[in-house]
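Architecture and fold: a report
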Amino acid sequence: MNMSIITTIKNIFRFYGEGFKNMKVGKTLWGIIGIKIILFFVIIKWLFFPNILKEHFHTDQERSDYILNQLTQGK
Amino acid sequence: MEEHLVDWSRAQFALTALYHWLFVPLTLGLSFIIAIMETIYVKTGNTVWKEISKFWMTLFAINFAIGLATGIIMEFEFGTNWSNYAWIVGDIFGAPLAIEGIMAFFMESTFFAIMFFGWDKVSKKMHLLSTWLVAIGSNLSALWILVANGWMQNPVGMVFNPDTARFEMNRFFDVLFNPNAYSKFLHTVGSGYVMGALFVVGISAWYLLKNKEGVKAKKSMVVGATFGLITSIFLIFTGDEAAHQVALNQPSKLAAMEGLYDGHRRAGIVAIGQLNPDKKIGDTQEEFLWSLEIPQALSILGFHDANAFVPGINELVYGDTDEHHIESASDKIAKGKIAIESLKAYKKAKKEADPLAAEKSLAQFRAYEKYFGYGYLENPEDIIPPVALTFYSFHIMVGLGTWFFALFFFLLYFAMVGKIEKQRMLLRLAVLSIPLGYLAGELGWVVAEVGRQPWAIFEMLPVGMATSQISTTAVQTTFWLFAVIFTGLLIAEIRIMLKQIQIGMGEH
């Protein structure tokens, strides 16, 4: 049973490994995907897009109170 | 709230959404066309179809890879630029977006790998199944996004919790089967199918004009034009249903789409026309400088009744309580302000631990709740979206859709009678129609989203109240940052695709 699971996992790794190895245009595409993921998730998200409510308030109650204030006092 | 900040936040969201939509429709449409091509290969055993499938799969992969994660930027924007909105709708959007994420990740990524790496490694049938599942998975992902968008256009199945300031979902199936959501889903994926077909016939036409890849290009042309013709008809029916839902739930959008200022029975549709730029709400000037109208068509298409009354901008703004029971916007604004004051009183009573006062305020809030969003508007005219942008976007989109139908019809006819190579003008038009397909799709979104203004959630929350209080400069900076990044991605996509197309259908 354990051997068959290991063999299956090995086959999956081999399947992906050979697939990546034999790619042509795919290598360029994976390069673009890699750069994009770093750009989006590390640089843009981290530097420019904080979650305002999560960052400024500690609890959901505080967040609710803030939004209710916005809705009832106007901006 | 600074008007500038709201405008820049909207512009940034529009920019990212429009760029994202450059990549999505091809994924939706081309995936099904590839699945059909591969099915023909499996059924006939003809390896030419395998090569054709692999070629289009390569272009599909380029588009998929470049477009991947461009939608995530909009989620970043929710948390930063639209934090009020994100909080208020979090309970509604959480479920559909989580299902979308799980479905997109597991279904698409698993079967995507088999589709690309699995040729000659899994059985033909398993490979074909994977290709179909990638197509179905991509389209199901779109379903959940459009369920969320449909809810914003026609909010149903929820209750506003005045303690948490959130809309809470209390009827999941009302949200899922919201008529606005499914008509929008079908029409939107339908536009993706037409885009996929335009892409296939356009590139096949280019090969035929260059006398390259004759057999494969002709076979691709037949599949693309057939798929395009069928899905164009599908698009007409789903567009009709989408417009019917707009007529029922978003009369201000319908009036703007048609440039209809004075409502009437047996209303016609302006097939083509030029809006009078000096026309103002409430004045007596003509609506159009010139126009060609189809009599009664708007009443029939909007309400499925030739005699139906279609309200115009003037009735929606100033009301028509005697004959058609349409409340004026100023009455709605006054009631909305009562709802806001009641909510404020409820909050105060809760803070002061006064249950009787809280109960009374809450009862009053519930009585006026449906006008809540109107309380934030200043002028009755604010309920009308930009008329010219909505009108022209809608009419150009419909005109292009009609052209695509004709294009697919003639391409298929000449391909079937074996004279397609001789139709040089038609082939050139097919190539030129690729960007027009993208234009039509983008205009569709302009109609949907500009036509929804001033609301972020229709009649519940105006965009001015949905935005976060952040610096306008920060939004401007990220706007230009995204403009540069997305333009770079688009250039990369076009260059890689053109290179691959020039290599030909045999090498990938």
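Residues numbered from 1 in each chain as written. Chains lettered and ligands numbered in written order. Predicted model: local features only at pLDDT ≥ 70, side-chain atom pairs only at ≥ 80, totals over all residues. Heavy atoms only, no water.

Time to look at the overall build of chain A. Regarding its fold elements, chain A presents four helices and zero strands. If you list the helices and strands of chain A from N to C, you get α-α-α-α. Along the longest, intermediate and shortest principal axes, the C-alpha atoms of chain A span 60 × 40 × 15 Å. Of all 75 residues assigned to chain A, the portion counted as buried reaches 29%. Taken as a whole, chain A presents about 5200 Å² of accessible surface, with 66% of it coming from carbon and sulfur. Between the mean site of the 10 positive side-chain charges and the mean site of the 5 negative ones, chain A shows a separation of 21 Å. (Helix = DSSP H or I, 4+ residues; strand = E, 2+ residues; numbered from the N terminus. Buried < 20%, exposed > 50% of the residue type's maximum accessible area, 1.4 Å probe, protein only. Areas by Shrake-Rupley, 256 points an atom, 1.4 Å probe, with all protein chains shown as cover. Lys, Arg positive; Asp, Glu negative; His and termini not counted. Charge placed at Lys NZ, Arg CZ, Asp CG, Glu CD.)

Bringing the interface of chain A and chain B into the picture now. Facing 37 residues of chain A, the contacting portion of chain B comprises 58 residues. Overall, the association of chain A and chain B removes approximately 4000 Å² of surface from exposure, summing both partners, and the carbon and sulfur fraction of that is 75%. Connecting chain A to chain B are zero salt bridges. The interface formed by chain A and chain B holds seven residue pairs in polar contact (both at pLDDT 80 or more) in total. Its residues assigned to classes, the side of chain A that touches chain B comprises 22 nonpolar, eight polar and seven charged. (Contact = heavy atoms within 4.5 Å. Buried area = accessible area lost by both parts, 1.4 Å probe. Salt bridge = Lys/Arg side-chain N within 4 Å of Asp/Glu carboxyl O. Polar contact = N/O pair within 3.5 Å; in protein donor to acceptor, adjacent residues only side chain to side chain. Nonpolar A, V, L, I, M, F, W, Y, C, P; charged D, E, K, R; others polar.)

On to the packing of aromatic side chains. Summed over all chains, the structure comprises 41 aromatic pairs over all chains. Note on Phe 57 of chain A and Tyr 66 of chain A: the rings are 5.0 Å apart at their centroids and 40 degrees apart in plane angle, and the pair reads as tilted. Ring centres 5.6 Å apart and planes at 80 degrees place the aromatic pair Phe 365 of chain B and Phe 372 of chain B in the edge-to-face group. Comparing Phe 365 of chain B with Phe 372 of chain B shows no difference in burial state: the two are buried. A connected cluster of aromatic rings, assembled from ring pairs, spans Phe 13, Phe 78, Tyr 85, Phe 93, Trp 151, Phe 160, Phe 167, Phe 365, Phe 372 and Tyr 376 of chain B. Over the ring of Tyr 261 of chain B we find Lys 279 of chain B, and its NZ or CZ is 4.9 Å from the ring centre. (Phe/Tyr/Trp six-rings, centres within 6.5 Å; stacked < 30°, edge-to-face > 60°. Lys NZ or Arg CZ within 6 Å of the ring centre and 35° of its normal.)

Attention now goes to a nonpolar patch on the surface. All names here are of chain A. A contiguous nonpolar surface patch, about 790 Å² in accessible area, is contributed by Ile 37, Ile 38, Phe 41, Val 42, Ile 43, Trp 46, Leu 47 and Phe 48. Inspection of the secondary structure puts Val 42 in helix α2 (residues 25–48). Its relative accessible area of 46% is what places Val 42 among the partly exposed residues. (Patch = residues over 30% accessible without salt bridge, like charges linked within 9 Å, V, L, I, M, F, W, Y side chains within 5 Å.)

We now examine helix α17 (residues 472–503) of chain B. All names here are of chain B. For α17, which comprises 32 residues, the first-to-last C-alpha distance of 47 Å matches the rise-based estimate of 46 Å (1.5 Å per residue) to within 8%. A distance of 3.2 Å separates the backbone nitrogen of Thr 473 from a side-chain oxygen at the start of α17, and that oxygen is part of Ser 471. Gly 504 sits one or two residues past α17 and shows a positive phi near 110 degrees. (Expected span 1.5 Å × (residues − 1).)

Let us now look at the pairing of strand β2 (residues 166–169) of chain B. All names here are of chain B. Judged from the four bridges that link them, strand β1 (residues 158–161) and β2 form a sheet pairing that is antiparallel. Along β2, the bridge assignment pairs Met 158 with Met 169. Taking the residues that link successive antiparallel strands as the turn, the β1-β2 hairpin has four residues, and the phi of Ala 165 there is positive, at about 60 degrees. (Pairing = 2+ DSSP bridges.)

Attention now moves to the pattern of salt bridges. Residues and elements named next belong to chain B. Scanning the entire structure with this criterion turns up 12 salt bridges over all chains. For Lys 335, the salt bridge is made with Glu 327, and the minimal N-O distance between the two is 2.5 Å. The exposure class assigned to Lys 335 is partly exposed, which follows from its relative accessible area of 26%. In this structure, Arg 452 engages Glu 449 in a salt bridge whose closest nitrogen and oxygen atoms are separated by 2.0 Å. It is possible to trace a salt-bridge network through shared partners that takes in Glu 51, Glu 213 and Lys 216.

A separate point is the domain arrangement of chain B. Residue and element names in this part refer to chain B. For chain B, the domain assignment lists domain 1 (3–237 + 451–503) and domain 2 (329–380). Taken over C-alpha atoms, the centre of domain 1 sits 39 Å from the centre of domain 2. Counting residues at the interface gives 11 residues for domain 1, matched by 14 residues for domain 2. In total, about 1000 Å² of surface goes out of reach between domain 1 and domain 2, with carbon and sulfur atoms giving 68% of it. When the buried area of domain 1 at its contact with domain 2 is split by residue, Phe 160, Pro 162 and Glu 459 rank highest and sum to 44% of it. Inspection of the region where domain 1 meets domain 2 yields one salt bridge. In this structure, the salt-bridge partner of Asp 163 is Lys 350, at a minimum N-O distance of 3.9 Å. When residues of the side of domain 1 that touches domain 2 are traced back to their parent elements, those giving at least two are β1 and β8 (461–462). Class assignment of the residues belonging to the side of domain 1 that touches domain 2 gives a composition of nine nonpolar, no polar and two charged. (Domains from an automatic or database assignment.)

As a further point, take unusual backbone geometry. All names here are of chain B. Cis geometry marks the peptide bond from Gln 453 to Pro 454, where omega comes out at 10 degrees. As for its placement among the helices and strands, Pro 454 is situated in the loop between α15 (424–450) and β7 (455–457). With a phi close to 65 degrees, Asp 120 is a non-glycine residue in the positive phi region. Residue placement: Asp 120 occurs in the loop between α4 (83–117) and α5 (124–153). We note that Ala 353 has phi near 55 degrees; this positive angle belongs to a residue other than glycine.

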